[in-house]
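Chains, contacts and geometry: an overview
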Number of protein chains: 2
Amino acid sequence: MKRIIFAIAFTAFSSMGLFAQKVKSLPQPDMNMKVSITEAMQKRRSYRDYQTKPVTDQQISNLLWAACGINNPERGLLTIPTATNAQDIKAYLCTAKGVSLYDPKANTLTEVTDKDIRPILCERQSAMAVAPAFILLVSDLSKFRGNAEHYGAMDAGYASQNICLMCAALGLKTVPRAMMNYDEVKKALSLPENIALELNHPIGY
Amino acid sequence: MKRIIFAIAFTAFSSMGLFAQKVKSLPQPDMNMKVSITEAMQKRRSYRDYQTKPVTDQQISNLLWAACGINNPERGLLTIPTATNAQDIKAYLCTAKGVSLYDPKANTLTEVTDKDIRPILCERQSAMAVAPAFILLVSDLSKFRGNAEHYGAMDAGYASQNICLMCAALGLKTVPRAMMNYDEVKKALSLPENIALELNHPIGY
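Model, not experiment: these values are computed from the prediction. (Residues numbered from 1 in each chain as written. Chains lettered and ligands numbered in written order. Predicted model: local features only at pLDDT ≥ 70, side-chain atom pairs only at ≥ 80, totals over all residues. Heavy atoms only, no water.)

This part is about the interface of chain B and chain A. The interface is formed by 44 residues belonging to chain B together with 44 residues belonging to chain A. Between chain B and chain A, roughly 3,400 Å² of surface is buried when both sides are summed, and carbon and sulfur atoms account for 58% of that area. When the buried area of chain B at its contact with chain A is split by residue, Ile37, Thr38 and Met41 of chain B rank highest and sum to 19% of it. At the boundary of chain B and chain A, one finds zero salt bridges. Summed over the shared surface of chain B and chain A, the result is 28 residue pairs in polar contact (both at pLDDT 80 or more). (Contact = heavy atoms within 4.5 Å. Buried area = accessible area lost by both parts, 1.4 Å probe. Salt bridge = Lys/Arg side-chain N within 4 Å of Asp/Glu carboxyl O. Polar contact = N/O pair within 3.5 Å; in protein donor to acceptor, adjacent residues only side chain to side chain.)

Let's shift gears to helix H5 (residues 148–170) of chain B. All names here are of chain B. With 23 residues, H5 should reach 33 Å at 1.5 Å per residue; the first-to-last C-alpha distance of 33 Å fits that figure. Within H5, 21 of the 23 residues are buried, which leaves it mostly tucked inside the rest of the structure. Gly171, located one to two residues past H5, shows a positive phi value of around 75°. (Helix = DSSP H or I, 4+ residues; strand = E, 2+ residues; numbered from the N terminus. Expected span 1.5 Å × (residues − 1). Buried < 20%, exposed > 50% of the residue type's maximum accessible area, 1.4 Å probe, protein only.)

Before going further, it helps to spend a moment on the sheet that holds strand E5 (residues 98–103) of chain A. All names here are of chain A. Strand order across the open sheet formed by six strands is E1-E6-E5-E4-E7-E8, with antiparallel pairing between neighbours. Each edge of the open sheet is held by one strand with a lone partner, namely strand E1 (23–25) and strand E8 (195–203). For this sheet, the mean inter-axis angle between neighbouring strands, taken without regard to orientation, is 30°. Note: strand E4 (residues 89–95) against strand E7 (residues 133–140), six bridges, orientation antiparallel. In the strand pairing of E7, Tyr92 is matched with Leu136. (Pairing = 2+ DSSP bridges. Axes fitted to C-alpha atoms, helices over the stretch in contact; angles between N-to-C directions.)

Let's shift gears to the environment of Leu197 of chain B. Along the chain, Leu197 of chain B falls in strand E8 (residues 195–203). Put simply, Leu197 of chain B and Tyr182 of chain B are 15 residues apart on the chain and 7.1 Å apart in space, counted from C-alpha to C-alpha.

All names here are of chain A. Applying the stated criterion to the full structure yields twelve salt bridges over all chains. As a salt-bridge pair, Glu111 and Lys22 come within 3.6 Å of each other at their nearest N and O atoms. On the criterion of sequence distance, the pair formed by Glu111 in strand E6 (residues 108–113) and Lys22 in the loop between helix H1 (2–14) and E1 is long-range, its members being 89 residues apart. On the basis of relative accessible area, Glu111 is assigned to the partly exposed category, the value being 25%. Across the pair Arg118 and Asp116 runs a salt bridge, and its minimum N-O distance is 2.9 Å.

In this section: the sheet that holds strand E5 (residues 98–103) of chain B. Residues and elements named next belong to chain B. Within the open sheet, the six strands sit side by side as E1-E6-E5-E4-E7-E8. Their pairing is antiparallel. This sheet does not close on itself; its edge strands, each paired only once, are strand E1 (23–25) and E8. The average undirected angle you get between the axes of adjacent strands in this sheet is 30°. Sheet analysis places strand E4 (residues 89–95) next to E5, joined by four bridges and oriented antiparallel. When the bridges of E5 are listed, Thr95 appears paired with Gly98.

Printed below as a string of structure tokens:
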């Protein structure tokens, strides 16, 4: 039932029309990591060189949960604050197999396209496109009454910092990037006008 | 020597003219906290009710280090990424005794004013002004060539998330607030046009 509701909501969100969508369940995020908060902040660093070595679904689950996951299921509250509690941030996982949207409530990934958009995320920094996964952060600006562009950027910063820290804790590399081919990415994901592309994070070794 | 250089830089930054400034050393941030990264993200929450109970210099040191401190002294890199590595974020500590600017390199606080600005940070949410300390995040927009307002907001989000997580790890309450009396705060701190007030965080129990 949850999946059906989500699929309908997702279809409305992505304006992709009606067709069956691939939904993949993620493992539960691992809440027993031993890395301390200070160690993660100490190790936080931006990296620009990546290997093709794959990352695991468990690592992806932890990273997406950190980015905009739910840490209080009863009240539907998130790991990050958002301006006016708009919960405007959505995260996409982008790999060689395509792009899928993270659903924090269901802890699933729903395929949006089977296109590999890593090259259009990387643009001129094409050497980075070998990273096995990218997390793309977008803000749904329609959730704000005013100052939407400002708050969307700020909220992306919150999610992005958590990705940076979780990567540091998992022994993975990342770097937040504002550079991407905005027109091509929006087209590939069929994103409407009100969804702002904020940042993308290569994830890898 | 470091302090002298900082005092000169600070004077230029704050446009406060030439007079002796009170500089206070902070304890080194405690790097041996036991709280894990997942526990801090799990406990991250926004609180709007505060007691007058004071916080310690050690807690403040950890919080300011998390916000925009240095985690790689050799290369001068920070606990947070900033757009184009502009390092635009500055943090002020605001208490009943006044306001002071955090210097990440020297790990010191330099007094800017002896005025208690907590009421003008709180505005209509005046009950929060009892919190013993506020951290005010500003962005030096002159460090960007373009998109300054967007990047300043984003970078404040990074710093603010680290404050949220460090508060959770220290057992302290906080909430990021964009609301404040912008004109009065800028006047009280003698901030020039290019310094944007981004967020303030009450810190307490």
